[in-house]
Amino acid sequence: MRHLKKRSTPPGEHQPVLLDAVLEVLEPRPGQIAVDCTVGWAGHSVEILRRLGPGGLLIGLDWDADNLPKACARLEAVGHPFRLEQANFAGLPTVLHRHGLERVDLVLADLGMSSMQVDDPERGFSYRRDGPLDMRMDRSRGRTAAQVLATIGVPELAKALREWGDEEQAETIAAAIVAARTEAPIERTSQLAHVVQLASAQTQWRLRQPRGGWQTHPAAKTFQALRILVNRELNNLEQLLRVLSALLQPEGRAAVISFHSGEDRLVKAAFRHGRRTGAYADASEDMIRPQVAEWQANPRARSAKLRWVQRDNDYT
């Protein structure tokens, strides 16, 4: 009998995406100050902190407070200085000011969902696991995905699906969701996934295509777009990109890992603008993608895109 490759990260494990590439482009060195804007369970941060040494400092941010205890435990095991804070990276200048800093040497932002968030049904991020349709990164504030779907109109929802989910059937799916809520509130992830499957005429779904290759679940793009809408993720990314060059030391480096075309377009445009204005001395010409071995071992890495920049030495 042929065995299928695993389809997600095993429970309790965390596989940082493009780790080797991140370390290569950031080049963390002893004594530097680094910021991980999306620390998660510290998959990238642990390896960066090891390279900063006892004379360096790592500052880790995460909007999701549930991630911080696990990250703290993993970073404490390294034994070098670090600080963690629940914060949105859009407010990075304020965070640095609280720590008595104006500029840092390295900045990393991994915009993807962590495996632990997706695998927890209570968070509402997964189209494969039934749970409350929440999707908030910070569960102490803001509207849930269910509350957003209860009031949003077809044009606005279709635009979100198209721009933030790259959904080709955006209008059809948006209309089906709004029609379905007139019958009953859409409050569970399984309800939303079912509505999307019916609307897209893909009621039969398997992870792998018959002759290999990954097959995207018909609701995956809808869930992605709704998550971005609930958390205002692109607005936050735009703010980070606006202030990034001012927060880097001369010759400081930054890297951003994105997972869909909307994010990548913002990063690419901001980095190119920085090159034209002289803020950045160097930048990646092309996106860096995972090697085949990585996305085969970790299917969630297959859409990752890495871009990096280096601040100009003389830019003010």
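Placed above this text is the structure.
Just so we're clear, the structure is a prediction, and the values are computed from it rather than from any experiment.

K.L.:
Is there a simple way to think about the overall build of the protein chain in this case?
P.N.:
The helix and strand tally for the protein chain stands at 13 helices and 7 strands. Here the C-alpha atoms of the protein chain give a radius of gyration of 20 Å, agreeing with the 20 Å that 2.2 N^0.38 yields for 316 residues. Dimensions of the protein chain, computed from C-alpha atoms along their principal axes, come out at roughly 60 × 50 × 35 Å. When each of the 316 residues of the protein chain is scored for burial, the buried share is 51%.

K.L.:
Looking at this structure, how should I read the environment of cysteine 72?
P.N.:
Checked against the element boundaries, cysteine 72 lands in helix α3 (residues 68–76). On the basis of relative accessible area, cysteine 72 is assigned to the partly exposed category, the value being 25%. Each C-alpha atom of the pair cysteine 72 and arginine 162 lies 38 Å from the other, and the pair is 90 residues apart in sequence. Among residues more than four places away in sequence, those in contact with cysteine 72 are Phe82 and Leu84.

K.L.:
In this structure, what is going on with the environment of leucine 111? I would like to understand it.
P.N.:
Along the chain, leucine 111 falls in the loop between β4 (104–110) and α5 (115–119). C-alpha of leucine 111 to C-alpha of serine 284: the two residues are 173 residues apart in sequence and 18 Å apart in space. Sequence-distant contacts of leucine 111, that is, excluding residues within four places in its chain, are made with Phe89, Arg227, Leu237, Val256, Ile257, Ser258, Phe259 and Glu263.

Parameters at a glance
The residue numbers shown here count from 1 along each chain, following its written sequence. The predicted origin of the model limits local features to residues at a pLDDT of at least 70 and limits the giving and counting of side-chain atom pairs to 80 or more, whereas totals for whole chains, interfaces and linings rest on all residues. Computation of side-chain values covers all heavy atoms of the structure but excludes hydrogens and water. Secondary structure elements follow DSSP: runs of H or I no shorter than four residues count as helices, runs of E no shorter than two count as strands, and numbering proceeds from the N terminus. The globule rule is 2.2 Å times the number of residues to the power 0.38, and the radius of gyration it is compared with is taken over C-alpha atoms. Throughout, exposure labels follow a simple rule: accessible area from a 1.4 Å probe, protein chains only, divided by the maximum for the residue type, with under 20% read as buried, over 50% as exposed, and the rest as partly exposed. In what follows, a contact means two residues having at least one pair of non-hydrogen atoms within 4.5 Å.

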